[in-house]
Amino acid sequence: MLSVNVAFADNETIYVSSDGSDSLGNGTADNPYQTLNFTIEKASNNSNIYLKSGTYNSTGYEIANKSVTITGEDGVVIDGCGGKNSQLMFKVNKDSSLALNNIKFVNGNATKGGMLSPIINDGDLYINKCYFNNFSTIDGVIKNNNHLYLNDVTTSNLNIDWDDVFDALNEVGYDGVLNLEVNFSKYGNGFELETADFS
């Protein structure tokens, strides 16, 4: 089976490393930025952001008025601050797009302060070859209000407090679903979504 990353039209390539520098870096592979928030804010439309191996603590990344692709090298982890406090991980605004490739998301929490899901999508969200582990939410890992495409997504150790989940995701032909509220629920070791329409 051919395995490819999802990307928008190539405009700018930016690198991020946990040992880089937002003040001294220039976003190249040899001199990367340090934080994803800084990089997303600086990125132009259709930018490709590459995360070097390491752990990045989520401080709430917002995608507004642009399309951004974020791809992790092997071993990239985005940590929702240990799962101790409710923390937004990603918010994709209307008229914006985000593609996430090859990233492990851990310790998401959206159970307090009116936050229901750690990932909120009002635009176009593509998640490819990603893993979600140790999430506690009220309204699911992803609150989707527009277009959501999933491919090769695996989960484990999820605690979803809301019972209105899709019990039979395989039956809906999960290939890019419009206006679908996705709730990753706890099915033993989780479930795997194999196919999606990334065209």
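Asker: What should I look at first to understand the packing of aromatic side chains in this one?
Answerer: For any pair of aromatic rings, geometry is given as the distance between the ring centres together with the angle between the planes. Tallying each qualifying case throughout the model produces seven aromatic pairs. Judged by centre distance (5.5 Å) and plane angle (25 degrees), the ring pair of Y15 and Y50 falls under stacked. Highlighted residues: Y15 in strand 1 (residues 12-16) and Y50 in strand 2 (residues 47-51), separated in sequence by 35 residues. Using a relative accessible area of 24% as the deciding quantity, one classes Y15 as partly exposed. Y50 sits in the partly exposed class, given a relative accessible area of 32%. For the pair Y33 and F38, a centre-to-centre distance of 5.0 Å together with 70 degrees between the ring planes defines the contact as edge-to-face.

Asker: How do you make sense of the pairing of strand 3 (residues 54-57) when you look at a structure like this?
Answerer: A regular strand places its side chains so that they alternate between the two faces of the sheet. The side-chain alternation of strand 3 yields one buried face, formed by G54 and Y56, and one unburied face, formed by T55 and N57. When strand 3 meets strand 6 (residues 76-79), the two strands line up parallel, connected through four bridges. By the bridge assignment, T55 is partnered in strand 6 with V77.

Asker: Any chance you could explain the environment of Q87 here in plain terms?
Answerer: Considering the arrangement of structural elements, one finds Q87 in the loop between strand 6 and strand 7 (90-92). Residues Q87 and L116 lie 29 residues apart in sequence; the distance between their C-alpha atoms is 9.8 Å. Apart from residues lying up to four places away in sequence, Q87 is in contact with S58, T59, G60, G80, C81, N109, M115 and P118.

About the cut-offs
Residues numbered from 1 in each chain as written. Predicted model: local features only at pLDDT ≥ 70, side-chain atom pairs only at ≥ 80, totals over all residues. Heavy atoms only, no water. Phe/Tyr/Trp six-rings, centres within 6.5 Å; stacked < 30°, edge-to-face > 60°. Helix = DSSP H or I, 4+ residues; strand = E, 2+ residues; numbered from the N terminus. Buried < 20%, exposed > 50% of the residue type's maximum accessible area, 1.4 Å probe, protein only. Pairing = 2+ DSSP bridges. Contact = heavy atoms within 4.5 Å.

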